[in-house]
Amino acid sequence: MSIPVGALWKKKSENPKAPILYGNFEVRDEVVRMRIAETIAKGERVRIAIFKGKGETNGKRYPDFNITLDTYDKEQSQVTQKPASDEIPF
């Protein structure tokens with residue numbers, strides 16, 4: 001599962017020192033903010049994923065990239081999955 005938290009746009013500038021992308025990052029959900037704060041407090045990395053957006057479509061500007069918070073928890077996933085069984089269910 002991923003939670004959308006921001007967007008990036010390509011910068012249209014001839015200046016070679018200008019940023020390539022610019023954007024924002026915002027977490028509105030209090031529970032998610034607390035999880036991020038706990039992760040940072042433990043010295044761990046906050047995992048994100050970047051997905052390609054629409055960009056400019058029909059004259060309207062949409063984000064070129066969307067930032068999502070990667071909430072996949074490997075330990076929790078292993079607990080919720082049932083162990084494989086060699087038994088035939090019939």
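Please read all numbers here as calculations on a predicted model, not as lab measurements.

Q: Just to check I follow, could you spell out the overall build of the protein chain for this structure?
A: A tally of helices and strands in the protein chain yields 2 helices and 6 strands. Secondary structure elements of the protein chain occur, N-terminal to C-terminal, as β-β-α-β-β-β-β-α. Residues counted as buried form 19% of the 90 residues belonging to the protein chain. Once local pairs closer than 6 in sequence are excluded, the contacts in the protein chain between residues at least 24 apart make up 42%. Total accessible area computed for the protein chain in this model is approximately 8100 Å², and 54% of it derives from carbon and sulfur atoms.

Q: Quick question: what am I supposed to make of the sheet that holds strand 1 (residues 2–10) here?
A: Pairing between the strands of a sheet is mediated by backbone hydrogen bonds and can be parallel or antiparallel. As summarised here, the arrangement of the 4 strands in space is 2-1-6-3, forming an open sheet in which the pairing is antiparallel. Two strands lie at the open edges of the sheet, namely strand 2 (21–25) and strand 3 (48–52), each paired on one side alone. Across the sheet, the mean angle separating the axes of adjacent strands is 30° when strand polarity is ignored. In the sheet, strand 3 pairs with strand 6 (residues 65–70) via 5 bridges, with the strands oriented antiparallel. Note that in strand 6 the partner of F51 across the bridge is N66.

Q: How should the environment of T68 be read in this particular structure?
A: Considering the arrangement of structural elements, one finds T68 in strand 6. Separated by 21 residues in the primary sequence, T68 and R47 place their C-alpha atoms 8.8 Å from one another. Beyond its immediate stretch of four places on either side in the chain, T68 contacts S2, I3, P4, V5, R47, I48, A49 and F51.

Q: In this structure, what is going on with the packing of aromatic side chains? I would like to understand it.
A: Both the distance between ring centres and the angle between the ring planes are used here to describe each pair of aromatic rings. Under the defined criterion, the tally for this structure stands at 1 aromatic pair. Residues W9 and Y22 carry aromatic rings whose centres are separated by 6.0 Å and whose planes lie at 25° to one another, so their mutual orientation is stacked. One end of the pair, W9, is in strand 1; the other, Y22, is in strand 2, with 13 residues separating them in the sequence. Given a relative accessible area of 19%, W9 falls into the buried group. When its relative accessible area of 40% is taken as the criterion, Y22 is described as partly exposed. Looking at K11, its charged tip hangs above the ring of Y22, at a distance of 4.9 Å from the centre. Here the guanidinium or amino end of K54 rests over the ring plane of Y62, the centre of that ring lying 4.7 Å away.

Conventions and cut-offs
- Residues numbered from 1 in each chain as written.
- Predicted model: local features only at pLDDT ≥ 70, side-chain atom pairs only at ≥ 80, totals over all residues.
- Heavy atoms only, no water.
- Helix = DSSP H or I, 4+ residues; strand = E, 2+ residues; numbered from the N terminus.
- Buried < 20%, exposed > 50% of the residue type's maximum accessible area, 1.4 Å probe, protein only.
- Contact = heavy atoms within 4.5 Å.
- Areas by Shrake-Rupley, 256 points an atom, 1.4 Å probe, with all protein chains shown as cover.
- Pairing = 2+ DSSP bridges.
- Axes fitted to C-alpha atoms, helices over the stretch in contact; angles between N-to-C directions.
- Phe/Tyr/Trp six-rings, centres within 6.5 Å; stacked < 30°, edge-to-face > 60°.
- Lys NZ or Arg CZ within 6 Å of the ring centre and 35° of its normal.

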